[in-house]
Amino acid sequence: MTPLSTPSAPVTFYGLGIAPHLLDVLSRLKFNVPTPIQHKAIPIALEGQDVIGIAQTGTGKTMAFGIPMIQRLAQKSGRGLILVPTRELAAQVHQALRKIEHTMKFAVLIGGDSMHRQIQELHQHPRILIATPGRLLDHMNQRTVTLNDISILVLDEADRMLDMGFAPQIHKILRMVPRDRQTMLFSATMPETILTLAASQMKLPVHVEIAKSGTVADRITQELFIVKSEAKKKLLGKLLSQYHGTILLFSRTKIGAKKISKFIRDLGHNAAEIHANRSLSQRREALEGFRSGKYRVLVATDIAARGIDVRGIELVLNYDLPDEAENYVHRIGRTGRIGNQGHAISFATPEQGRDVRNIEKIMRAVLPISKHPDMPPEIFIDHAPQKVASFDGRKFRGRRKSRGYLSPDFRKRGHR
């Protein structure tokens with residue numbers, strides 16, 4: 001794989017090899033300046049080369065593969081297949097590509113949606129399939145779709161698909177797709193499993209890395225509160241009164257998301273929830289309501305860590321830390337998108353020092369710890385050095401402090 005450096009000063013989409021009619025569409029949509037991943041990946045993909053694109057969430061990866069796919073399919077036979085991990089991301093990709101291509105037919109194959117409607121779309125001979133792995137295999141098993149004419153394959157958020165356990169399905173799908181194809185793989189992180197997949201399925205891919213794997217967008221500020229589990233709701237209530245814009249809140253479990261949503265509504269705030277127990281129509285209504293301002297707070301499990309593209313989210317709040325440290329990057333990437341400013345707050349219990357350090361290792365940075373003036377101070381129950389920050393509204397001033405102090409709960413367990 002050939003590494004490429006970040007472009008120093010991308011100016012316009014002109015000169016990237018994009019066809020004139022697509023340039024006109026981009027101009028009408030006010031897409032004037034390509035993001036770094038678009039600037040680097042589009043010319044390579046337009047040449048038909050395999051691409052591995054690494055860039056943090058919210059940097060325009062959809063257009064980086066969508067523009068080349070649409071242009072190349074207009075010039076050649078075959079179809080395109082875009083595999084994504086979640087229903088929400090499938091809808092987002094479809095919406096984005098329809099903005100730049102109105103005549104090409106699409107089919108969106110996702111779980112929870114009408115199988116009959118999807119079969120009707122497939123009967124229209126779509127040029128581009130956008131699918132989650134499970135539902136695509138359902139169609140393949142029912143022989144309502146074949147993949148023997150796929151000429152361009154995209155794996156979007158590939159690491160997330162593998163984290164969600166889609167590896168067997170993906171490998172089965174790849175066995176049914178022609179080997180003579182163009183493959184593009186995009187993600188914000190690049191674990192060893194992805195490198196192995198790329199080595200076995202791609203032809204001399206060009207590696208485009210805009211930011212190191214796990215990097216957070218520059219304009220996202222972050223802070224961490226150490227808080228006991230039983231005090232989380234009290235701190236949440238205080239933060240909801242402090243921040244007045246839209247808030248995306250992450251819960252670790254479906255039951256937790258439901259309880260937190262009710263708590264927020266009981267405080268008088270409009271809130272909706274998205275998780276696996278919600279139907280597709282309920283999830284769509286929640287997301288559209290969040291976009292339109294009907295709901296100020298959207299409570300989600302990690303199903304929404306990728307695939308929520310909502311402009312202007314003021315705050316991402318990790319009520320629970322993610323099970324996988326890599327998901328922290330994708331969660332907070334829902335704010336500060338496409339160069340905008342954003343802020344992320346996370347709650348960690350005193351027992352979660354190791355989880356926090358795992359996140360810091362992924363990001364190659366230290367999370368500043370804040371103390372809320374109305375909450376009792378807590379501290380991680382270990383001895384590693386930590387960065388503590390004094391709370392002043394949204395501003396915090398970091399300083400180094402020893403973790404030598406042991407909380408009363410820690411001492412009760414007999415540790416010294």
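Residues numbered from 1 in each chain as written. Predicted model: local features only at pLDDT ≥ 70, side-chain atom pairs only at ≥ 80, totals over all residues. Heavy atoms only, no water.

### A word on the overall build of the protein
Basically, it comes down to this: Helix numbers and strand numbers start at the N terminus; a helix is a DSSP run of H or I with at least 4 residues, a strand a run of E with at least 2. Working definition: with a 1.4 Å probe on protein chains only, accessible area under 20% of the residue-type maximum means buried, over 50% means exposed, and in between means partly exposed. Whether two residues are in contact is decided by their heavy atoms, any of which lying within 4.5 Å being enough.
Counting its regular elements, the protein contains 15 helices and 17 strands. Taken across its 416 residues, the protein has 56% of its residues classed as buried. In the protein, 72% of the contacts between residues at least 6 apart in sequence involve partners at least 24 apart.

### Description of a negative patch on the surface
Heads up, the rule is: Excluding any residue in a salt bridge, patches collect residues exceeding 30% relative accessible area, merging like charges within 9 Å and nonpolar Val, Leu, Ile, Met, Phe, Trp and Tyr side chains within 5 Å. Note on areas: these come from Shrake-Rupley sampling with a 1.4 Å probe, and a residue is covered only by the protein chains present in the view. In the sections that follow, a salt bridge refers to a side-chain nitrogen of Lys or Arg positioned within 4 Å of a carboxyl oxygen of Asp or Glu. Residues scored as positive are Lys and Arg, those scored as negative are Asp and Glu, and His as well as the terminal groups of each chain are ignored. To locate a charge, take atom NZ for lysine, CZ for arginine, CG for aspartate or CD for glutamate.
On the surface, Asp163, Asp323, Glu324 and Asp355 cluster together to form a negatively charged patch. Examined against the element boundaries, Asp163 turns out to sit in helix α7 (residues 158-163). We classify Asp163 as partly exposed; its relative accessible area is 42%.

### Considerations on the nonpolar core
We count it as follows: Definition of nonpolar core: a set of buried residues of the types Ala, Val, Leu, Ile, Met, Phe, Trp, Tyr and Cys, connected through side-chain atoms within 4.5 Å.
In this structure, Ile18, Ile67, Ile82 and Ile128 are the most contacted members of the largest nonpolar core, which totals 44 residues. Looking at which element gives the most residues to this core, the answer is helix α3 (residues 61-75), with 7 residues. Those residues within four positions of Ile128 in sequence are excluded, and the remaining contacts are Met69, Ile70, Leu73, Gly80, Ile82, Met104, Lys105, Phe106 and Ala107.

### Section: the confidence of the model for the protein
The line we're drawing: Think of pLDDT as the predictor's per-residue confidence, scored from 0 to 100.
This prediction gives the protein a mean pLDDT of 84; 85% of its residues lie at or above 70. pLDDT under 50 marks residues 4-10. Its contacts with residues more than four places away, or in other chains, come to 17 contacts. Here residues 383-416 is modelled with pLDDT under 50, and outside its nearest four sequence neighbours on either side it reaches 79 contacts, counting other chains as well.

### Considerations on the packing of aromatic side chains
As a reminder of what qualifies: Pairing of aromatic rings covers Phe, Tyr and the six-membered ring of Trp, with a centre-to-centre limit of 6.5 Å; geometry is then stacked below 30 degrees between planes, edge-to-face above 60, and tilted otherwise.
Taken as a whole and assessed by the stated rule, the structure comprises 2 aromatic pairs. Plain terms: the ring middles of Phe65 and Phe186 are 5.6 Å apart, the flat faces sit at 50 degrees to each other, and that makes the pair tilted. Of this pair, Phe65 sits in helix α3 while Phe186 sits in strand β7 (residues 182-187), and the two are 121 residues apart along the sequence. A relative accessible area of 0% means that Phe65 is categorised as buried. For Phe186, a relative accessible area of 0% puts it in the buried group. Ring centres of Tyr319 and Phe347 lie 5.7 Å apart, and the angle between their planes is 50 degrees; this geometry places the pair in the tilted category. On the criterion of sequence distance, the pair formed by Tyr319 in the loop between β13 (315-318) and α13 (326-332) and Phe347 in strand β14 (residues 342-348) is long-range, its members being 28 residues apart. The pair Tyr319 / Phe347 is uniform in exposure class, with both members buried.

### Re the pattern of salt bridges
According to the stated counting rule, one finds 13 salt bridges in the structure shown. Asp113 serves as the salt-bridge partner of Arg117, at 2.1 Å between the closest nitrogen and oxygen. Glu121 is the salt-bridge partner of Arg117, the closest N and O atoms lying 2.3 Å from each other. A residue pair is termed a helical-turn pair when its members lie 3 or 4 positions apart in one helix, as Arg117 and Glu121 do in helix α5 (residues 115-123) at 4 residues. Its relative accessible area of 30% is what places Arg117 among the partly exposed residues. With a relative accessible area of 22%, Glu121 lands in the partly exposed category. Residues joined by salt bridges that share partners form a network here, namely Asp113, Arg117, Glu121 and Arg284.

### What about helix α6 (residues 133-141)?
Inspection of α6 places Pro133, Arg135, Leu136, Leu137, His139 and Met140 among the buried residues, and these make up the whole buried set. As for α6, its buried residues are in contact with β3 (79-83), β4 (106-109), α5, β5 (128-131), α7 and α8 (167-176). Two residues or fewer past α6, Arg143 is found with a positive phi of approximately 60 degrees.

### Some thoughts on helix α4 (residues 87-100)
Our working rule: One less than the residue count of a helix, multiplied by 1.5 Å, gives the span that helix is expected to have.
Spanning 14 residues, α4 covers 21 Å between terminal C-alpha atoms, matching the ideal 20 Å at 1.5 Å per step. Buried within α4 we find Glu88, Leu89, Ala90, Gln92, Val93, Ala96, Leu97 and Ile100.

### Thoughts on the packing of α4 against helix α12 (residues 280-292)
To keep it simple, the criterion reads: Orientation is described by lines fitted to C-alpha atoms, with helices fitted over the stretch in contact, and by angles between N-to-C directions that extend from 0 to 180 degrees. Roughly parallel refers to an angle under 35 degrees, roughly antiparallel to one over 145, roughly perpendicular to one between 65 and 115, and oblique to any angle outside these ranges. Crossing chirality is assigned from the near helix's rotation relative to the far helix, an anticlockwise turn below a right angle marking it left-handed and a clockwise turn marking it right-handed. Note on residue classes: Ala, Val, Leu, Ile, Met, Phe, Trp, Tyr, Cys and Pro are nonpolar, Asp, Glu, Lys and Arg are charged, and everything else, Gly too, is polar.
Two numbers describe how α4 lies on α12: the axes approach to 11 Å, and their chain directions differ by 55 degrees. Between α4 and α12, the interaxial angle falls into the category oblique. Handedness of the crossing formed by α4 with α12: right-handed. Together, Arg87, Glu88 and Gln95 of α4 and Leu280, Arg283, Leu287 and Arg291 of α12 make up the contact between the two elements. Looking at side-chain class alone, the contact of α4 with α12 contains 2 nonpolar, 1 polar and 4 charged residues.

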